[in-house]
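The residues making up each chain are set out below.
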Amino acid sequence: MLCTSVKGVIKTDFEQDELVVLVELDHLVDLLILLKEHPLCRYEQLMDLCGADYPQRADRFDIVYNLLSVSLNQRIRVVTHTDEQTPVPSVRNLWKCADWWERECYDMFGVLFSGQPDLRRILTDYGFDGHPLRKDFPLTGYVEVRYDADQNKVVYEPVKLTQDMRDFDFDSPWEGLVTLPGDEKIHEKRQNIKPYSL
C-alpha cells in the first residue's frame, strides 16, 4: 500500500469502508502532497478539515483531513495529533479551501496553523472569549448577548445562572409509583381489592 511506505505514517485502518491514515505531524504535508499528486491517488479535493478534542491526552487535538478523488471515485481520511502550542502546517497552498477550514478549526478549537496568513475568528464574534468546541468550554459560555431597547444596541453581559447545580438521580419518575394516575380502578381489580363504598 502506498500510504504505509511514507515516512511518519503511524497506522492505517479501514472504518466503514474508508481508509483512515494516522500520520505524525512532522510528515503531514509530505503525505498530503503525495495523496494529491501521485497518479495512483489523485485526491484533488479537500472536502473538510476538522478537529476533535481529547483533553485527557498530551496531544489533545486530532486534526482530520477528509479528501476526495473525483477521478478515481475514492475517499481517504488523514488524521494527525497536536497540542495547544504546536502549530499544524497549513495546506492552503495545496487546496485553496483550506483557508476557511483552518480558520474554522482555529476559531472552534484554538488549533494554530503555521503558514496561514489570515488566522482569525470566522464563526464567532471578534471579542469572543475561548474556543467553544473544546471539551473544557462551559456549556453556557461566558457572556450572553441581548438587545437593549433603552440603549438601542446589542449588549454583552456575563452569564447569570438562575439556579444552583441540581442533583439528578436519572431514575424513571414512574418507578416509585405502585399505581399510575388514572389506573386506580384497574389496580383494584388486579389486586382483588373492592373499592370503598358507603
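Here, the structure is the one placed above.
Residues numbered from 1 in each chain as written. Predicted model: local features only at pLDDT ≥ 70, side-chain atom pairs only at ≥ 80, totals over all residues. Heavy atoms only, no water.

Q: Go over the overall build of the protein with me, naming the residues and quoting the values.
A: Looking only at helices and strands, the protein has 3 helices and 9 strands in total. Listing the helices and strands of the protein from first to last along the sequence gives β-β-α-β-β-β-β-α-β-β-β-α. Within the protein, residue pairs in contact and separated by at least 24 positions form 45% of the contacts whose partners lie at least 6 positions apart. Accessible surface, the protein: about 13700 Å² in total, of which carbon and sulfur atoms supply 52%. (Helix = DSSP H or I, 4+ residues; strand = E, 2+ residues; numbered from the N terminus. Contact = heavy atoms within 4.5 Å. Areas by Shrake-Rupley, 256 points an atom, 1.4 Å probe, with all protein chains shown as cover.)

Q: Provide a residue-level description of the pairing of strand 2 (residues 18–23), including the pertinent values.
A: Of all 6 residues in strand 2, 6 are buried; the element is thus mostly enclosed. Pairing between strand 1 (residues 9–15) and strand 2: 6 bridges, direction antiparallel. Within the sheet, the bridge partner assigned to Phe14 lies in strand 2 and is Leu19. Counting the residues between successive antiparallel strands, the hairpin from strand 1 to strand 2 contains 2 residues, one of them, Gln16, with a positive phi of roughly 55°. Note: strand 2 against strand 5 (residues 74–82), 4 bridges, orientation parallel. By the bridge assignment, Val21 is partnered in strand 5 with Val78. (Buried < 20%, exposed > 50% of the residue type's maximum accessible area, 1.4 Å probe, protein only. Pairing = 2+ DSSP bridges.)

Q: Explain the side chain of His131 residue by residue, including any values.
A: Along the chain, His131 turns up in the loop between strand 7 (113–114) and strand 8 (143–148). The class for His131 is buried, based on a relative accessible area of 15%. Within the structure, His131 has its side chain in polar contact with the backbone oxygen of Tyr106 (distance 3.2 Å). His131 has contacts with Tyr106, Asp107, Met108, Phe109, Gly110, Arg121 and Phe137, leaving out every residue within four places of it along the chain. (Polar contact = N/O pair within 3.5 Å; in protein donor to acceptor, adjacent residues only side chain to side chain.)

Q: A description of the environment of Asp118 should follow, citing residues and the corresponding values.
A: Looking at the element boundaries, Asp118 is found in the loop between strand 7 and strand 8. Between the C-alpha atom of Asp118 and that of Asp99, which follows or precedes it by 19 residues, the distance is 7.8 Å. Reaching out from Asp118, the side chain makes a polar contact with the side chain of Arg103 at a distance of 3.0 Å.

Q: For the sheet that holds strand 5, give the residues involved together with the corresponding values.
A: In spatial order, the strands read 1-2-5-4-3; together these 5 strands make up an open sheet with mixed pairing. Two strands lie at the open edges of the sheet, namely strand 1 and strand 3 (45–53), each paired on one side alone. Geometrically, the sheet is characterised by an average inter-axis angle of 20° between neighbouring strands, direction not taken into account. Contacting strand 1, strand 2, strand 4 (61–69) and strand 5, helix 1 (residues 28–37) crosses the sheet at an angle of about 170° to strand 5. Helix 2 (residues 98–109) rests against strand 3 and strand 4 of the sheet, and its axis sits at about 10° to strand 3. (Axes fitted to C-alpha atoms, helices over the stretch in contact; angles between N-to-C directions.)

Q: Report on a nonpolar patch on the surface, specifying residues and quantitative values.
A: Where nonpolar side chains cluster on the molecular surface, the patch consists of Tyr142, Val143, Val145, Tyr147, Val154 and Tyr156 and spans about 620 Å² of accessible area. Elements that contribute at least two residues to the nonpolar patch include exactly strand 8 and strand 9 (153–158). (Patch = residues over 30% accessible without salt bridge, like charges linked within 9 Å, V, L, I, M, F, W, Y side chains within 5 Å. Salt bridge = Lys/Arg side-chain N within 4 Å of Asp/Glu carboxyl O.)

Q: Tell me about unusual backbone geometry, and name the residues and values.
A: The residue Asp17 is not glycine, and still its phi comes out positive at about 65°. A residue is classified by how much of its surface remains accessible, and Asp17, at 79% relative accessible area, is exposed.

Q: Could you give me a rundown of helix 1, with the residues and numbers involved?
A: Each full turn of the α-helix corresponds to 3.6 residues, which orients residues three or four apart in the same direction. Of the residues making up helix 1, those classed as buried are Leu28, Leu31, Leu32 and Leu35. The buried residues of helix 1 occupy one face: seen down the axis, they fall within an arc of 95°. The secondary structure elements touched by the buried residues of helix 1 are strand 1, strand 2, strand 4, strand 5 and strand 6 (88–89). (Arc of directions from axis to C-beta.)

Q: Now, about the environment of Ser114: what can you tell me, with residues and values included?
A: Looking at the secondary structure, you find Ser114 in strand 7. Between the alpha carbons of Ser114 and Ser90 there is a distance of 5.7 Å; along the sequence they are 24 residues apart. With residues up to four places along the chain from it excluded, the contact list for Ser114 reads Pro87, Val88, Pro89 and Ser90.

Q: Describe in detail the nonpolar core, supporting the description with residues and values.
A: Membership of the largest hydrophobic core comes to 30 residues, with the highest contact counts inside it found for Leu32, Leu35, Tyr65, Leu67 and Val78. Only strand 2, helix 1, strand 3, strand 4, strand 5 and helix 2 provide two or more residues apiece to this core. (Core = buried A, V, L, I, M, F, W, Y, C linked by side-chain atoms within 4.5 Å.)

Remember that the coordinates give geometry; whether it matters functionally is a separate question.
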